[in-house]
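Structural characterization, general
Here's the letter readout for the chains.
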2 protein chains.
Amino acid sequence: MTAAKSVYVRPLDFKHGRVEMSHGSGGRASAQLIATLFAAAFDNDYLRQGNDGAVLPMPPAGSRLVISTDGHVVSPLFFAGGDIGSLAVNGTVNDLSMMGATPLWLSAGFILEEGLPLADLQRIVHSMARAALAAGVLIVTGDTKVVERGKGDGVYITTTGVGYVTTHALAPQNPLSPSPSPVNGRGEDVAPASGEFCVSPAGDRARAGDVILLSGTLGDHGMAIMSQRAGLQFESEITSDSAALHNLVATMLATGADIRVMRDPTRGGLASALNEIAQQSGVGMVLEEAQIPVKKSVAAACEFLGLDPLNVANEGKLVAICALSDAARLLSAMRAHPLARDAAIIGEVIADAACFVQMQTKLGGRRMVDQLHGEPLPRIC
Amino acid sequence: MTAAKSVYVRPLDFKHGRVEMSHGSGGRASAQLIATLFAAAFDNDYLRQGNDGAVLPMPPAGSRLVISTDGHVVSPLFFAGGDIGSLAVNGTVNDLSMMGATPLWLSAGFILEEGLPLADLQRIVHSMARAALAAGVLIVTGDTKVVERGKGDGVYITTTGVGYVTTHALAPQNPLSPSPSPVNGRGEDVAPASGEFCVSPAGDRARAGDVILLSGTLGDHGMAIMSQRAGLQFESEITSDSAALHNLVATMLATGADIRVMRDPTRGGLASALNEIAQQSGVGMVLEEAQIPVKKSVAAACEFLGLDPLNVANEGKLVAICALSDAARLLSAMRAHPLARDAAIIGEVIADAACFVQMQTKLGGRRMVDQLHGEPLPRIC
């Protein structure tokens, strides 16, 4: 038996063991945790390179890179319909998808708290691996740090996603929304062939007359977390909608509809997402309350806790804004997809220099849909 | 004054203010923190896109993407020679550089603890901006979460770096080190033109007869942190070596030397780095203690605390392994660079199936250079 092979004297105890400071040391204990848990669960050619990063093939010629990052600090770590692991994968896959990108690779940075049961960590890592497999992405590189008991909360996971959007050999349709400047970080020209441009959906592309579509019911994720955290029992269990939306997005893009904006209404809910878009695009919006789908159980829980479903986080929904002429076609494509069966047209974009988002209520009045200052539900994702 | 413009009623108080839970809410308080601190400090075209990610030009044709991620949890946040902000930028720039990559872009995920003084956060963010500028990289996207008092430790920063390595129209020189498999995450073929391959340094490329070079003194970062944490006073202040090494690496690569492996000996120190490389490459190593540069003050501090400089973290040093025939040329190029004035040849690679790293001591004996189980200095980076 060589030294190289006898390095791991005592196997990790995934039943009763806990995360120790040594697991973040960069020494043997770190190497053991990485080899027997992370590398085993996420196994792929790039991760197997075993260096401090991954060397990857370049996405197809003529495309643009898309990068997005998200920290995940959800509490509790496990909830009805998901856990921090699947959330960390789906959340970043969705951020890429909202920009019209095809997600390819993820990096994962773990900050573990001393004392976290290894069984919990294993469950989270396996959940990430399953979510990545389902979303067709590979976790190609990662990092693990450990902080002392009381300096963390079990585990925080920061995922960064890399994907690509295809460019098209067309003149830009919207001069207000230029494609990114064709230089890299060092100022070198790395532009695609002249005349190409990139039509990925972006927050500044909404125009008066456009239609606002929502892919399904609001508030499921936030109220699942909240009811679990508060120990509330509702008639029917509320389940998080945590899901990867890349496939739904591909279906939507395949219709050829001119989708100006896509966004996943996570933290801050639909209200934050729409207010941000209204300001980025310099437009107003009017929503129809009667058209906004909310599950009965979620509506009841919101009422009980004094929350507006429009302010509550979602993790498997998207809002899309498209040209009026494409809306019916887009809606029917969405409804044919399992993740958007309850999709609905919920309002329209109007000209409004004040960038107000308003709502036509069920009672016939109009109210402002305002972005909150804070968040009624901290650490929701 | 429109609503869009009156959103930020009270400006952030960067003198006496503190991070609040609402700053992580996804509502107005989040938007204000992002706009007035992060976006202002990191300002660039991609960040200004204002979406949940960045659309970027593709690196030069014929290159490969390189991605690396690192969480930073160093304590204290500010130390002699640096802070968590510059460390988070330099650490990830260095991980890319060690793979022979040209770093282009960074993402930054912040996990803030409620109560962190905004003045501290501002100082950290400005330090990151300066470090990014110095390293020629852009921070193109980010994320901010806030956790309750006692669930964090001021701030944790996870940075992910994206860069590229150039491929060469040559047959591979080392059949043991294949270039990465030419498929993307979806199994599609995205290989560069046939015959190209990628010669980035990698941990499995060391061979018996190769020479081991170190760019400078060992242990500066770890002992700077440690002496500050323990409130120790040494005769001369020990300063962290935190620095971005991409420029030194470019100088080294420009010599044309066949650099088989590069690694920055951070957590776990030189001992961990060399043991890992020895095992990846299936070789042994013999170091010459007398050739390993250690500052007097660092050596004294290590002796006082019972630590071996070979186990102590560095944040601005690299170890390189190259062919014997290239070593003199590489060493002289390194010594001409301000970040490697003390560079030295510290040992050689030998054939050894047991993958032992040994050291010829100053006293004439030989001892094993072992990777520790844990780390004498937790949360060093």
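Whatever comes next refers back to the structure up there.
Notes on the structure in this doc start here. (Residues numbered from 1 in each chain as written. Chains lettered and ligands numbered in written order. Predicted model: local features only at pLDDT ≥ 70, side-chain atom pairs only at ≥ 80, totals over all residues. Heavy atoms only, no water.)

Next up on the list: the packing of helix H5 (residues 220-229) of chain B against helix H8 (residues 296-305) of chain B. Residues and elements named next belong to chain B. The interhelical angle for the contact between H5 and H8, taken along N-to-C directions, is 55°, at an axis separation of 10 Å. Judged by the inter-axis angle, H5 sits oblique to H8. In this structure, H5 crosses over H8, and the sense of that crossing is left-handed. Contacts between H5 and H8 involve Asp220, Met223 and Met226 from the first element and Val298, Ala301, Cys302 and Leu305 from the second. (Axes fitted to C-alpha atoms, helices over the stretch in contact; angles between N-to-C directions. Helix = DSSP H or I, 4+ residues; strand = E, 2+ residues; numbered from the N terminus. Parallel < 35°, antiparallel > 145°, perpendicular 65-115°, else oblique. Left-handed = near helix turned anticlockwise from the far one by under 90°. Contact = heavy atoms within 4.5 Å.)

A few words now on the relation of the copies chain B and chain A. Superposition of chain B onto chain A requires a rotation of 180° combined with a translation of 0.0 Å along the rotation axis, giving an RMSD of 0.0 Å. Here the transformation between the copies is reduced to the relation of a two-fold axis. (Least-squares fit on C-alpha atoms with pLDDT ≥ 70 in both.)

The next point concerns the side chain of Ser107 of chain A. Among the secondary structure elements, Ser107 of chain A is positioned in strand S5 (residues 102-113). Residue class for Ser107 of chain A comes out buried when judged on its relative accessible area of 1%. Here the side chain of Ser107 of chain A touches Thr160 of chain B through a polar contact of 3.5 Å, side chain to side chain. Excluding residues that lie within four positions of it along the chain, Ser107 of chain A makes contacts with Thr141, Thr158, Thr159 and Thr160 of chain A together with Thr69 and Thr160 of chain B. (Buried < 20%, exposed > 50% of the residue type's maximum accessible area, 1.4 Å probe, protein only. Polar contact = N/O pair within 3.5 Å; in protein donor to acceptor, adjacent residues only side chain to side chain.)

In total, this model carries 36 salt bridges over all chains according to the counting rule given. The closest approach of N and O atoms between Lys295 of chain B and Asp220 of chain B, which form a salt bridge, is 2.6 Å. Here Lys295 of chain B is found in the loop between strand S11 (284-288) and H8, whereas its partner Asp220 of chain B is found in helix H5, with 75 residues between them in sequence. A relative accessible area of 39% means that Lys295 of chain B is categorised as partly exposed. Overall, the relative accessible area of 2% leaves Asp220 of chain B in the buried class. The partner of Arg367 of chain B in a salt bridge is Asp308 of chain B, with the nearest N and O atoms 2.7 Å apart. You can see Arg367 of chain B sitting in strand S15 (residues 366-368) and its partner Asp308 of chain B sitting in the loop between H8 and strand S12 (319-322), a full 59 residues away along the chain. Of the residues examined, Arg367 of chain B reaches a relative accessible area of 32% and is grouped as partly exposed. On the basis of relative accessible area, Asp308 of chain B is assigned to the partly exposed category, the value being 22%. Within the structure, one salt-bridge network assembled from shared partners comprises Asp70 and Arg267 of chain A together with Asp143 and Lys145 of chain B. (Salt bridge = Lys/Arg side-chain N within 4 Å of Asp/Glu carboxyl O.)

Attention now moves to the sheet that holds strand S10 (residues 259-263) of chain B. All names here are of chain B. A sheet is described by the order of its strands in space; here seven strands give the open sequence S10-S12-S9-S13-S11-S14-S15, paired in mixed fashion. Edge positions in the sheet fall to S10 and S15, since each has one partner strand and no second. Each neighbouring strand pair of the sheet contributes to a mean axis angle of 25°, computed without reference to strand direction. As defined by bridge partners, strand S9 (residues 211-214) adjoins strand S13 (residues 344-350) across four bridges and the pair is classed as antiparallel. Pairing of Val211 across the sheet is with Glu348, part of S13. (Pairing = 2+ DSSP bridges.)

Take the environment of Val93 of chain A next. All names here are of chain A. Following the sequence through the fold, Val93 ends up in helix H2 (residues 84-98). For the pair Val93 and Val162, spaced 69 residues apart in sequence, the C-alpha separation works out to 8.9 Å. Aside from chain neighbours lying at most four places away, what touches Val93 is Pro103, Ala135, Val137, Ala244 and His246.

This part covers unusual backbone geometry. Residues and elements named next belong to chain A. Across the junction of Ser75 and Pro76, the peptide omega takes the value 5°, indicating a cis bond. Here Pro76 lies in the loop between strand S2 (63-72) and strand S3 (78-79). Non-glycine residue Arg379 carries a positive phi angle of around 55°. One can find Arg379 in the segment after strand S15 (366-368).

Chain B puts 101 residues into the contact, and the matching count from chain A is 101 residues. Counting the surface lost from both chain B and chain A, the interface buries some 8,100 Å², and carbon and sulfur atoms represent 56% of this. Seen at the junction of chain B and chain A, the total is 10 salt bridges. One salt bridge in this structure joins Arg267 of chain B and Asp143 of chain A, with 3.0 Å as the shortest N-O distance. Remark: the boundary between chain B and chain A carries 39 residue pairs in polar contact (both at pLDDT 80 or more). Broken down by secondary-structure element, the contributors of at least two residues to the side of chain B that touches chain A are helix H1 (3-6), helix H2 (28-42), strand S1 (54-56), strand S2 (63-72), strand S5 (102-113), strand S6 (138-147), strand S7 (155-168) and helix H7 (269-281) of chain B. No other element matches the nine residues that S2 of chain B contributes to the side of chain B that touches chain A. The residue makeup of the side of chain B that touches chain A, split by class, is 43 nonpolar, 38 polar and 20 charged. (Buried area = accessible area lost by both parts, 1.4 Å probe. Nonpolar A, V, L, I, M, F, W, Y, C, P; charged D, E, K, R; others polar.)

Each aromatic ring pair is characterised by the separation of its centres together with the angle its planes make. All names here are of chain A. Evaluated as defined, the whole model comprises four aromatic pairs over all chains. With 6.4 Å between their ring centres and 40° between their planes, Phe38 and Phe42 make a pair best called tilted. Residue Phe38 and its partner Phe42 are located together in helix H1 (residues 28-42), separated by four residues, close to a single helical turn. As far as burial versus exposure is concerned, Phe38 and Phe42 are alike and both buried. (Phe/Tyr/Trp six-rings, centres within 6.5 Å; stacked < 30°, edge-to-face > 60°.)

This part takes up the sheet that holds strand S12 (residues 319-322) of chain A. Residues and elements named next belong to chain A. Across the sheet, which stays open at both edges, the seven strands sit in the order S10-S12-S9-S13-S11-S14-S15 with mixed pairing between neighbours. A single partner strand is all that each edge strand has here, and the edge strands are strand S10 (259-263) and S15. Mean inter-strand twist for the sheet, computed between neighbouring axes without regard to direction, equals 25°. Relative to S12, strand S9 (residues 211-214) is paired through four bridges, and the arrangement is antiparallel. Note on S12: the bridge partner recorded for Leu214 is Val319. Strand contacts of helix H5 (residues 246-254): S10 and S12, with the helix running at about 170° to S10, the strand carrying the most contacts.

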